[in-house]
Amino acid sequence: QVQLVESGGRLVQAGGSLRLSCTASGATFNMYTMGWFRQAPGEEREFVAAITWRSGSTLYAESVKGRFTVRRDNARSSVYLQMNSLKPEDTAVYYCAVVSMGSGKYDYWGQGTQVTVSS
């Protein structure tokens, strides 16, 4: 089992920056990928970014490329999402999630943190 706790969400003005954090505990040795997703009111949850735990390879949704950066800190079992040039359409609850070794899917999810971007 892996437990995930996100933090860092708040109200920010358009054009501003925010950094989200996600810290994992439990069976962190078995993590393969950590990802960020978001869900706006009335919308489906969508992929934002992901990073592999060992190699640090990253993947981004087209909507956030060039504005968001995902990085990891293996020693702290944490992943961060640096969000710059925020837009009102980035408003959502942001979740981190983990793909376990051999799983092929996101097995564990955090409780989410609210990001609100005002225009």
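Heads up: the structure comes first, above all this text.
Treat the numbers as computed from the prediction; the structure is a model and nothing was measured.

**Points about the sheet that holds strand β8 (residues 78-83)**
- In space, the four strands of this open sheet follow the order β1-β3-β8-β7, with antiparallel pairing throughout. Strands with a single pairing partner mark the edges of an open sheet, and in this sheet they are β1 (2-7) and β7 (68-73). On average, adjacent strands in this sheet sit at an angle of 15° to one another, irrespective of strand direction.
- Bridge count for β7 against β8 is six bridges, and the pairing is antiparallel. Each bridged residue has a counterpart across the sheet, and for Thr69 the counterpart in β8 is Gln82.

**Let's talk about the state of the cysteines**
- Under the counting rule described, the total for this entry stands at one disulfide.
- Note on cysteine connectivity: Cys22 is disulfide-linked to Cys96, with sulfurs 1.9 Å apart. An S-S torsion of about 50° defines the bridge between Cys22 and Cys96 as right-handed. In this pair, Cys22 sits in strand β3 (residues 18-26) while Cys96 sits in strand β9 (residues 92-100), placing the two residues 74 residues apart along the sequence. By the burial criterion, Cys22 is buried, and Cys96 matches it.

**Observations concerning the side chain of Thr33**
- Note that Thr33 resides in strand β4 (residues 31-39).
- Leave out the neighbours within four places in its chain, and Thr33 touches Ala50, Ile51, Thr52, Trp53, Ala97, Val98, Val99 and Tyr106.

**Considering the side chain of Thr113**
- You can see Thr113 is positioned in strand β11 (residues 113-118).
- Overall, the relative accessible area of 9% leaves Thr113 in the buried class.
- A polar contact of 3.0 Å, which involves the side chain of Thr113, links it to the backbone nitrogen of Gly9.
- Setting aside residues no more than four positions away along its own chain, Thr113 makes contact with Glu6, Ser7, Gly8, Gly9, Leu20, Ala92, Val93 and Tyr94.

**Some words on the nonpolar core**
- Core analysis: the biggest nonpolar cluster contains 30 residues, and Met34, Trp36, Leu81, Met83 and Tyr94 have the highest contact counts within it.
- Excluding its chain neighbours within four sequence positions, the residues that come into contact with Tyr94 are Glu6, Leu20, Trp36, Phe37, Arg38, Val48, Phe68, Leu81, Met83, Gly112, Thr113 and Val115.

**Concerning the packing of aromatic side chains**
- Applying the stated rule across the entire model yields four aromatic pairs.
- A centroid spacing of 4.9 Å and a plane angle of 55° characterise the contact between Phe37 and Trp109, whose relative ring orientation is tilted. With Phe37 in strand β4 and Trp109 in strand β10 (residues 106-109), this residue pair connects regions lying 72 residues apart in the sequence.
- Classification of Phe37 as buried rests on a relative accessible area of 10%.
- Given a relative accessible area of 30%, Trp109 falls into the partly exposed group.
- Judged by centre distance (6.0 Å) and plane angle (50°), the rings of Tyr106 and Trp109 are tilted.
- Taking the relative accessible area as the measure of exposure, Tyr106 reaches 22% and is therefore partly exposed.
- An aromatic cluster of three or more residues is present, and its members are Phe37, Phe47, Tyr106 and Trp109.

Cut-offs and rules
- Residues numbered from 1 in each chain as written.
- Predicted model: local features only at pLDDT ≥ 70, side-chain atom pairs only at ≥ 80, totals over all residues.
- Heavy atoms only, no water.
- Pairing = 2+ DSSP bridges.
- Helix = DSSP H or I, 4+ residues; strand = E, 2+ residues; numbered from the N terminus.
- Axes fitted to C-alpha atoms, helices over the stretch in contact; angles between N-to-C directions.
- Disulfide = S-S within 2.5 Å.
- Buried < 20%, exposed > 50% of the residue type's maximum accessible area, 1.4 Å probe, protein only.
- Contact = heavy atoms within 4.5 Å.
- Polar contact = N/O pair within 3.5 Å; in protein donor to acceptor, adjacent residues only side chain to side chain.
- Core = buried A, V, L, I, M, F, W, Y, C linked by side-chain atoms within 4.5 Å.
- Phe/Tyr/Trp six-rings, centres within 6.5 Å; stacked < 30°, edge-to-face > 60°.

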